[in-house]
Amino acid sequence: MKRRDLIKGLTLLPIAGSVLPLNSLLAAPKNENRIPLTPQGKPMPKLHRKAFVMDGHVHVMTRELLMNTDIGQRYSDGTVDLPRAIEGGLDAMFFSVYTPEHYYPGRFETKNTLRVINLALDQIKNNDSVIELALNASDIKRINKKGKMAAFLDLEGAFDLDGDLNLLRALYRLGLRSMQLTAHNTTNAFIDTCNDVSKWGGINELGKTIISEMNGLGMIINIAHASNDAILQTAEASKHPVIYSHGGFYGIVPHPRCITDEAAKAIASKGGVIGIHFGSLFNNPKYWAWQTAPKETTPASVNQTVLSTIEEVDQEVLKEVPLVFNGTIPDEYWMHVDQLARVIDYGVNLVGEDHVALGCDLDGGPELPREIEDISDYPQITMAMQRLGYSDQRIKKILGLNWLRVIREVTGD
């Protein structure tokens, strides 16, 4: 048995101590529809266990940096660590190495980006029995064959670039193979975000130069958090498919962070992929209508005065770590996973099954569906798609094959 199958197959073993008499097993009626349970008592359908599962946006390294923890540990809080990711059947993840707005006013963002990427590489190496860095699709498949999970680095918070191609190339040499063009929620030197001032009417000439450079390097262009015009212009300018790693659909929830039908079709027309966010704010109209407090950060919202050292900024960010939703949602506004599946279905009907995937944003603050507590509950998405009547092949595409295809097309391997 391959080690990957062994690791994922362990989730099908009986819970320790639950030994049934032999005559009970022999007398038990056969139930083909029974969903096997993990040792933690959580369901994992056979399809999920056997499928290639990859998420397009999982937050890592912010808590590890500020709390001096190791992602190989099982945390008692937060929603992501490697033990729980294995239990959730994940084979690969876009590791979202994140530099939030807190670091922008004092211009500490370049230093923080280098810190989190270096830490990600260290922690991947320290946990090399279960995870390895992947630079292309062939790496992902090779790593999976060894029974390990693959980490594909994606930068969120590119404010630090300021259009500096030398810095982009340096990050590429460090192993970065995907980058969100936008600086989280802040318009930067070359692209407008969806919820900040529009400086460029989308992207400017410098933005086009960066897109061309990323095309040449073979880097994934991530257009999440961008304005509608910026998405359309990036899809037009890029020679390769582009991705929208995490968000909802504006046709379901009219939040600025949700992608319009027009922009989604533009991404799909170039062979790109849209990752579905797991949060209620972007996917549940009832929750959207009920909530009133702003949910998005900008430099103005995190620092009225510039902090003098990066250590002071670290202490401010640490107050929010782990980056999880801590509020209370009344039952009538709390989204079920079946609503999340209907959002997926909206996307499939809009752009086709080859252009929809998953971008959970776990440990990035989403208000999760009631059936999902953390990344170990990832099989809940598969079961929700099965309840919609989706074919196994369609589910496999959405669970990970669509991400793998784009990575192969962009990286060339």
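Anything mentioned here points back to the structure above.
Note that this is a predicted model, so its numbers are computed, not measured.

Colleague: Can you lay out the packing of aromatic side chains for me, pointing to particular residues and giving the numbers?
Modeller: Throughout the structure, instances matching the rule amount to six aromatic pairs. With a centroid separation of 5.6 Å and an interplanar angle of 40 degrees, the aromatic rings of F278 and Y378 are classed as tilted. Placement of the pair is F278 in the loop between β8 (273-276) and α12 (280-283) and Y378 in the loop between β9 (356-358) and α17 (379-387), with a sequence separation of 100 residues. Pair check on accessibility: F278 and Y378 agree, each one buried. With a centroid separation of 5.0 Å and an interplanar angle of 15 degrees, the aromatic rings of W290 and Y333 are classed as stacked. In this pair, W290 sits in helix α13 (residues 285-290) while Y333 sits in the loop between α15 (310-318) and α16 (337-351), placing the two residues 43 residues apart along the sequence. Among the aromatic side chains, those forming a connected cluster through ring pairs are F94, F152 and W403.

Colleague: Residue-level account of the pairing of β8, with values.
Modeller: By the alternation rule, side chains of β8 split into V273 and G275 and I274 and I276, which are all buried. Bridge analysis of strand β7 (residues 242-247) against β8 gives three bridges, and the strand direction is parallel. Its bridge partner lying in β8, Y244 is registered against I274. As paired elements, β8 and β9 share three bridges and run parallel to each other. Considered in β9, the bridge of I274 is made with V356.

Each value, and the rule that gives it
Residues numbered from 1 in each chain as written. Predicted model: local features only at pLDDT ≥ 70, side-chain atom pairs only at ≥ 80, totals over all residues. Heavy atoms only, no water. Phe/Tyr/Trp six-rings, centres within 6.5 Å; stacked < 30°, edge-to-face > 60°. Helix = DSSP H or I, 4+ residues; strand = E, 2+ residues; numbered from the N terminus. Buried < 20%, exposed > 50% of the residue type's maximum accessible area, 1.4 Å probe, protein only. Pairing = 2+ DSSP bridges.

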